[in-house]
Amino acid sequence: MNMKRLSTWFASALVVALALPAGAQKVDEDLPDESYAAEIYAAEAAEVDPADYATLAREGQGDVWSCASCHGAKGEGNGNIPRLAGLSSGYIAKQLNAYAEGVRINHNMQYVADKLTQKEMLGLARYYAEMEAPSAADAELDGDLERGRELANHGDWDIEVPACYSCHGSSAWGVEQAFPSLAAQQPSYTYGQLAAWTDGRRKNSPLMLMQGIAHALSDADKRAVADYLATLPAPPAEDSINE
C-alpha cells in the first residue's frame with residue numbers, strides 16, 4: 001500500500017469536502033468509519049487466492065446466486081447492474097460488507113452478501129478486481145455529453161461541484177482503493193447511485209463527499225455525467241494499475 005500517495009489523495013478529498021455546503025459535511029455517527037476501510041479490506045484480500053472463488057462467481061453455491069448471473073460473465077454489468085471488472089478489491093469488499101451490515105440498501109445484494117463469509121467477500125473482490133473486460137456501456141440516458149465532459153474534467157464551482165477526476169483519477173479509473181473507477185460504468189447504475197446519494201438511500205461515502213455532490217447536481221447533470229463516463233475506456237485489471 002502506498003501510504004504517501006493515499007495520504008495525498010485523502011488530503012485532496014478533505015479539501016473538496018470542506019468546499020461543500022456545511023450540511024453535506026456532517027458524518028452520520030451511526031455508520032462505521034469509512035476513511036480507510038477499503039485499504040484495510042484490500043490488505044486482507046491480498047492474502048486470499050481469487051482462483052478459489054471463481055466457481056462461486058460464475059456458478060454460485062447453495063443459496064448464493066452467481067455474481068455472473070446479474071453482473072455478466074465478464075463482470076461488465078448491464079442496465080442498472082454495475083460493472084465489477086477492474087474495480088478495486090478494497091472497494092468491492094467494502095461494498096459487500098456495507099450490504100451485509102445494512103449500511104447500503106439493495107434487497108438482492110443484501111440477500112447475497114448476508115450469506116457470504118468474510119473470506120468469500122474478499123475472494124470475490126479480488127477475482128473481479130483482477131478481471132479485465134472491454135466496455136459494455138454506452139450513453140443511453142439522453143444526457144448532454146459535453147456538459148458531462150465539463151463536469152468530469154472541471155466540475156462546476158458555481159454549484160460547488162468538483163471535477164469527478166479530482167478524486168477518481170484523470171482517466172476515471174479510480175484512485176487507490178477508496179475511490180472507484182467510474183469509466184465504462186453502466187450509465188443507469190451511475191445515475192441511480194447519484195439519485196441514491198441525493199435521497200439518502202446510500203450513505204457510505206468517505207467524508208460524506210458524494211452526498212453533497214449529488215445534492216448539487218440537477219437531474220439533467222446526473223444524466224449528463226453518467227452518460228459521459230459510460231463512453232470512457234474501461235479500466236485495466238487492478239494489478240495493471242498498481243504496477
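Preceding block: the structure.
In what follows, the accompanying structure is described.

Calculation rules
- Residues numbered from 1 in each chain as written.
- Predicted model: local features only at pLDDT ≥ 70, side-chain atom pairs only at ≥ 80, totals over all residues.
- Heavy atoms only, no water.
- Helix = DSSP H or I, 4+ residues; strand = E, 2+ residues; numbered from the N terminus.
- Buried < 20%, exposed > 50% of the residue type's maximum accessible area, 1.4 Å probe, protein only.
- Contact = heavy atoms within 4.5 Å.
- Areas by Shrake-Rupley, 256 points an atom, 1.4 Å probe, with all protein chains shown as cover.
- Axes fitted to C-alpha atoms, helices over the stretch in contact; angles between N-to-C directions.
- Parallel < 35°, antiparallel > 145°, perpendicular 65-115°, else oblique.
- Nonpolar A, V, L, I, M, F, W, Y, C, P; charged D, E, K, R; others polar.
- Left-handed = near helix turned anticlockwise from the far one by under 90°.

**Notes on the overall build of the protein**
Regarding its fold elements, the protein presents 14 helices and 0 strands. Listed N to C, the secondary structure of the protein is α-α-α-α-α-α-α-α-α-α-α-α-α-α in terms of helices and strands. In the protein, which comprises 243 residues, the proportion classed as buried is 53%. A sequence separation of at least 24 residues applies to 74% of the contacts in the protein between residues at least 6 apart. Carbon together with sulfur atoms contributes 51% to the accessible area of the protein, which is approximately 11400 Å² in total.

**A few points about the environment of Met-208**
Counting through the fold element by element, Met-208 comes out in the loop between α11 (187-199) and α12 (209-216). Met-208 sits in the buried class, given a relative accessible area of 9%. Put simply, Met-208 and Trp-197 are 11 residues apart on the chain and 9.5 Å apart in space, counted from C-alpha to C-alpha.

**A look at unusual backbone geometry**
Negative phi is the rule for most residues except glycine; trans is the rule for most peptide bonds. Even without being glycine, Glu-160 reaches a positive phi, approximately 60°. By secondary structure assignment, the location of Glu-160 is in the loop between α9 (145-153) and α10 (165-168). Using a relative accessible area of 33% as the deciding quantity, one classes Glu-160 as partly exposed. Residues other than glycine seldom take positive phi values, yet Ala-184 does so here, at roughly 65°. As for its position among the elements, Ala-184 is in the loop between α10 and α11.

**Thoughts on the packing of α9 against helix α13 (residues 219-230)**
Taken N-terminus to C-terminus, the directions of α9 and α13 make an angle of 85°; their axes are 7 Å apart at the nearest point. If you check the angle between α9 and α13, you find them roughly perpendicular. Two secondary-structure elements touch here, α9 through Leu-145, Arg-147, Gly-148, Arg-149, Leu-151, Ala-152 and Asn-153 and α13 through Asp-221, Ala-224, Val-225, Asp-227, Tyr-228 and Leu-229. Looking at the contact of α9 with α13, its residues break down into 7 nonpolar, 2 polar and 4 charged.

**Section: the packing of helix α6 (residues 89-101) against helix α8 (residues 118-129)**
Relative to each other, α6 and α8 sit at 140°, their axes nearing to 8 Å. With respect to α8, the element α6 is oriented oblique. In terms of crossing hand, the pair formed by α6 and α8 is right-handed. Facing Ser-89, Ile-92, Ala-93, Leu-96, Asn-97 and Ala-100 of α6, the residues of α8 in contact are Gln-118, Met-121, Leu-122, Ala-125, Arg-126, Tyr-128 and Ala-129. Classifying every residue of the contact of α6 with α8 gives 9 nonpolar, 3 polar and 1 charged.

**Let's talk about the environment of Leu-145**
Tracing the chain through its elements places Leu-145 in helix α9. Judged by relative accessible area, which is 36%, Leu-145 ranks as partly exposed. The sequence separation of Leu-145 and Arg-223 amounts to 78 residues, and the corresponding C-alpha distance is 9.0 Å. With residues up to four places along the chain from it excluded, the contact list for Leu-145 reads Ala-139, Asp-227, Tyr-228 and Thr-231.

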